[in-house]
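Close look at the chain arrangement
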Amino acid sequence: MPLDPYLAEKIHLLDGLPDWEAAQADPEAMSRLVEFFTDPEGWELGEVEAEDRTVPGPHGDIPVRIYRPGGRPRRALLWLHGGGFAGGNLEMPEAHVVSAELAKRAEALVVSVDYRLATDGTHYPVPIDDAHAAWLWLTETVWTGSGPVGLGGASAGAALALSTALRLRERAEHLPDSLLLAYPFVHFPTPSLDAESAREMGVLPPMMRFTPESIEQMVRNYVGRVSGLPADAMPGAADLTGLPRTGIVLSEYDDLRPSGELLARQLEETGVPVETYFSPGMPHGHLNRGPSLGEVDRSLAFFAKLLAR
């Protein structure tokens, strides 16, 4: 279907802008970005309580933010934001808003992890080490309830969530009861879009696209190379048997969508229960918008329903 009407009316604001990093140094470009990312309605934390703290990890303390719903939590979730392995933080909507919304909608204690990014010489497997340490802290120290515990993330964070689940399986540690993966980036090389989807993607400006060159650069920056990749670095190449039920949100206008679609087929083939939600008209990273956009709301509802089982 066409690009979401609300976004389509604003897409011209991104015409001619440089890449994300350069745009942040240009006040006029930043003003246009702010206007583009303004949602139909505002968003508030509501009755959810948020607490910042740190947890121990093999590379030092790891910042996390804990979200508690208004009532007693009935389940828990560890959540990992996206950002191409090199960007993102606890303040971005994909971390803050998603965590608070899932805490409220699923009556869950949610821990959002500010894992170490692949910058300043940090590479694989350090981000996975941080996610793994945060998971052990949640499941062995914090979550004393009898309800299920999920593990999830968005884009690169979805890859880290899947890699962490694989490590837990290999070490016979506490596996999550469910995996929640938003527009996962888990394969390299990344499968290509079909011809019709590729044509439709032409409505997006360059700064919202993933080219083969930019994808290769993300992987090289994260792993340090693009050859001989460890299976859990881009975990779509790993043995996926024995993983828990998985929910995958796919964005229609997304160069990385074929990775999520292939992952769903791989999981199904290996006997892992998998459900997908296809978010029509939405670009990659649409959970960085608020739930006043209908497809963001429906994506969050899909995850909350899966988590609550």
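First, a word on scope: everything that follows refers to the structure included in this document. (Residues numbered from 1 in each chain as written. Predicted model: local features only at pLDDT ≥ 70, side-chain atom pairs only at ≥ 80, totals over all residues. Heavy atoms only, no water.)

Another point: the sheet that holds strand β2 (residues 62–68). Here eight strands make up an open sheet; going across it, the order is β1-β2-β4-β3-β5-β6-β7-β8 and the pairing mixed. Lying at the two open borders of the sheet, with one neighbouring strand each, are β1 (49–55) and β8 (274–283). Taken over all neighbouring pairs, the strand axes of this sheet differ in orientation by 20° on average, direction set aside. Of the pairings in the sheet, the one linking β2 to strand β4 (residues 108–113) comprises four bridges and is antiparallel in character. (Pairing = 2+ DSSP bridges. Helix = DSSP H or I, 4+ residues; strand = E, 2+ residues; numbered from the N terminus. Axes fitted to C-alpha atoms, helices over the stretch in contact; angles between N-to-C directions.)

Next up on the list: the pairing of β1. Pairing geometry for β1 and β2, over seven bridges, is antiparallel. Each residue of the ladder has a partner; that of R53, found in β2, is V64. Counting the residues that bridge the hairpin from β1 to β2 gives six residues, and of these G60 lies at a positive phi of roughly 115°.

Attention now goes to the side chain of E101. Along the chain, E101 falls in helix α4 (residues 96–105). The exposure class assigned to E101 is buried, which follows from its relative accessible area of 4%. In this view, E101 contacts W43, P291 and L300; residues no more than four positions away in its chain are not counted. (Buried < 20%, exposed > 50% of the residue type's maximum accessible area, 1.4 Å probe, protein only. Contact = heavy atoms within 4.5 Å.)

With that settled, consider the layout of surface pockets. In this structure, the largest pocket encloses a volume near 1,700 Å³. Every residue lining the largest pocket is counted, 45 residues in all, and those nearest its centre are W20, Q24, G83, M207 and F210. If you list the elements that add at least two residues to the lining of the largest pocket, you get α2 (20–23), α3 (27–36), α8 (212–223) and β8. When grouped by side-chain class, the residues that make up the lining of the largest pocket number 23 nonpolar, 16 polar and six charged. One number sums up the size of the second largest pocket: a volume of about 220 Å³. Around the second largest pocket sit F188, P189, T190, P191, S192, L193, A198, R209, F210, P212, I215 and D255, which together line it. A breakdown of the residues in the lining of the second largest pocket according to their chemical character gives eight nonpolar, two polar and two charged. (1 Å grid on protein atoms, 1.4 Å probe; cavity = no way out; pocket = protein on both sides within 12 Å on 5 of 7 lines; lining within 4 Å. Points joined across faces, edges and corners; volume = space filled by probe spheres on them. Nonpolar A, V, L, I, M, F, W, Y, C, P; charged D, E, K, R; others polar.)

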